[in-house]
Amino acid sequence: MKKLFILIFALGALNATAASSLPSDLRTDGKTVVAAFGDVEKIARSCTVQIIYGTSYKIAIGTLVNDEGLVITKHSELDIAKAGGTLRISMPGAKRYNRGKIVAHDKATDLVFIATDLTGKPGYTWAETDEIAPATWVVAGVAGSKTRPYVRAGITSATARAIPKTGAVIGILMGTEVSEKEGVPVREVTPKGPSEKAGMKNGDVILSIEGEAVNSTEELKKAVGKHDAGETITVVVQRKQEQKTLKITLGYRELVFASMKSRNDKLSGKVSVRRTGFEKVIQHEVTLAPSEMGGPLLDLKGRLLGINIARRNRVEFFALPASLIQKVIKAKAAEIAEASKDKTE
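Residues numbered from 1 in each chain as written. Predicted model: local features only at pLDDT ≥ 70, side-chain atom pairs only at ≥ 80, totals over all residues. Heavy atoms only, no water.

A. Inspection of the overall build of the protein chain at higher detail. A count of helices and strands for the protein chain gives 10 helices and 22 strands. Within the span of the protein chain, comprising 345 residues, buried residues form 50% of the whole. Within the structure as shown, the protein chain displays about 17200 Å² of accessible surface, and the carbon and sulfur contribution to it stands at 52%. (Helix = DSSP H or I, 4+ residues; strand = E, 2+ residues; numbered from the N terminus. Buried < 20%, exposed > 50% of the residue type's maximum accessible area, 1.4 Å probe, protein only. Areas by Shrake-Rupley, 256 points an atom, 1.4 Å probe, with all protein chains shown as cover.)

B. Structural view of the packing of aromatic side chains. Within this structure, the stated rule accounts for 2 aromatic pairs. Aromatic pair F37 and W137: ring centres 5.6 Å apart, planes at 45 degrees, arrangement tilted. Within this pair, whereas F37 is found in the loop between helix 2 (31-35) and helix 3 (38-47), its partner W137 is found in strand 8 (residues 137-141), the two being separated by 100 residues in sequence. A relative accessible area of 3% places F37 in the buried class. Judged by centre distance (5.7 Å) and plane angle (90 degrees), the rings of Y124 and W126 are edge-to-face. On the basis of relative accessible area, Y124 is assigned to the buried category, the value being 8%. Taking NZ or CZ as reference, R88 lies 4.2 Å from the ring centre of Y97, over its face. (Phe/Tyr/Trp six-rings, centres within 6.5 Å; stacked < 30°, edge-to-face > 60°. Lys NZ or Arg CZ within 6 Å of the ring centre and 35° of its normal.)

C. Layout of the nonpolar core. Counting 48 residues, the largest nonpolar core has I51, F113 and L320 as its most contacted members. If sequence neighbours within four positions are ignored, L320 has contacts with T109, L111, F278, K280, V281, L305, G306, I307, I309 and I325. Core analysis: the second largest hydrophobic core is formed by 22 residues, V184, I209, I248 and V273 among them. (Core = buried A, V, L, I, M, F, W, Y, C linked by side-chain atoms within 4.5 Å. Contact = heavy atoms within 4.5 Å.)

D. Spatial organisation of helix 6 (residues 217-225). Among the residues of helix 6, T217, L220, A223 and V224 are the ones counted as buried. In an axial view of helix 6, the angular spread of the buried residues amounts to 125 degrees, which keeps them on one side of the axis. Exposed residues pointing more than 90 degrees away from the buried face of helix 6 are listed as E218 and K222. Buried residues along helix 6 sit against strand 11 (168-169), strand 12 (172-174), strand 13 (184-189), strand 14 (205-209) and strand 15 (212-213). (Arc of directions from axis to C-beta.)

E. Representation of the pattern of salt bridges. The full count for this structure, using the stated rule, is 12 salt bridges. For K244, the salt bridge identified is with E242, shortest N-O distance 3.4 Å. Here E242 falls in the partly exposed class, since its relative accessible area comes to 42%. The partner of R303 in a salt bridge is D299, and the shortest N-O contact between them spans 2.6 Å. The partly exposed category is assigned to R303, whose relative accessible area is 33%. You can call D299 buried: its relative accessible area is 7%. Each of D130, E131 and K280 takes part in one network of salt bridges that share partners. (Salt bridge = Lys/Arg side-chain N within 4 Å of Asp/Glu carboxyl O.)

F. Here's a closer look at the pairing of strand 21 (residues 303-311). Counting buried residues along strand 21, 8 of its 9 residues qualify, which places the element largely inside the surrounding structure. Pairing geometry for strand 7 (residues 125-126) and strand 21, over 2 bridges, is parallel. In the strand pairing of strand 21, W126 is matched with L304. Pairing geometry for strand 20 (residues 296-298) and strand 21, over 3 bridges, is antiparallel. Looking at strand 21, one finds that L297 is bridged to G306. Between strand 20 and strand 21, which pair antiparallel in sequence order, lie 4 residues; one of them, G302, sits at a positive phi of approximately 80 degrees. Where strand 21 meets strand 22 (residues 317-321), 5 bridges bridge the pair, whose relative direction is antiparallel. Bridging across to strand 22, R311 finds its partner in F317. Adjacent in sequence and paired antiparallel, strand 21 and strand 22 are bridged by 5 residues. (Pairing = 2+ DSSP bridges.)

G. Local environment of the confidence of the model for the protein chain. Confidence along the protein chain averages 86 in pLDDT terms, with 85% of residues attaining 70 or more. Of all helices and strands in the protein chain, the one with the weakest mean pLDDT is helix 1 (residues 2-16) (52), whereas strand 22 scores best (98). (pLDDT = per-residue confidence, 0-100.)

H. Region of the structure containing unusual backbone geometry. The backbone of K192 sits at a positive phi, close to 65 degrees, despite the residue not being glycine. Assignment of secondary structure puts K192 in the loop between strand 13 and helix 5 (194-198). In this structure, E210 takes a positive phi of about 55 degrees despite not being glycine. Note on placement: E210 falls in the loop between strand 14 and strand 15.

I. Spatial organisation of helix 9 (residues 322-331). A322, L324, I325 and V328 are the residues of helix 9 that are buried. Each buried residue of helix 9 lies within a common arc of 160 degrees when the element is viewed along its axis, so the set occupies one face. Opposite its buried face, helix 9 presents the exposed residues K330 and A331, each directed more than 90 degrees away.

Next comes the structure, spelled out in structure tokens:
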């Protein structure tokens with residue numbers, strides 16, 4: 001009852017006072033507000049880990065999903081950091097690091113599985129439904145420290161739904177199609193983008209992608225859209241009187257076209273390089289950085305609702321629901337078991 005009173009008081013202060021003059025302890029990550037979620041914070045600390053690559057390069061948050069040391073996080077955060085081999089894993093407030101290695105990856109969900117030598121047991125129970133009503137209070141686990149809270153609180157802001165895929169790009173601006181000619185002309189190759197790195201030049205005409213002829217911008221987009229960032233595709237181009245075959249490794253739209261962001265995206269600061277193409281998400285308003293994806297999303301009863309997967313913009317954040325996480329764990333069980341025989345190899 002006391003915690004509920006604190007929360008109501010804090011929310012009243014939020015509504016009555018402008019954010020710019022609100023005392024720091026009454027903000028959503030302030031001590032007074034966080035104290036109202038003390039019981040959930042203990043559970044969050046039992047399953048939230050920080051993933052570190054190299055000497056001190058903190059790249060992501062992860063969620064401990066069983067008592068065998070299996071951690072799940074967002075794959076693309078590790079991918080853009082080029083993290084591989086042995087990773088270091090840190091539990092909240094821990095004085096030592098644990099070791100871990102990547103043992104599986106699921107492209108559809110952008111999840112990666114890390115086998116570690118952690119011996120603790122996550123304190124949550126799995127939520128039994130994905131149908132979370134809008135305006136439901138939720139708590140996200142974050143890295144935290146002695147001076148910063150280990151959780152942030154907020155509310156859900158939409159019903160669970162699918163997010164269509166709009167992701168991988170080759171990094172070009174297309175020219176005007178000529179109806180009597182084959183292929184799609186390249187007006188401009190994006191500097192330092194995937195196509196430039198593969199040797200494409202302004203004025204080239206793209207004839208085919210992965211053996212499939214393309215004669216319109218729509219056909220080109222459809223052909224590229226079948227693949228994910230990080231995949232290498234074969235592209236045949238016409239350059240004057242010569243045909244050339246290029247191997248292009250697709251990039252993330254957010255990185256390749258960073259200078260062409262919408263006004264909303266520019267105001268949003270950094271967003272997740274992959275923020276679309278999910279079968280189902282829970283949308284919420286808990287402010288998280290792209291590097292804080294992969295951590296747990298809990299309800300006030302300490303149930304795991306899902307794992308945070310994307311910062312779409314400054315007000316929309318996505319979590320993959322618990323049922324989807326469990327489905328992927330089951331599908332990857334054999335692969336994870338085989339690769340986990342030596343967890344720190």
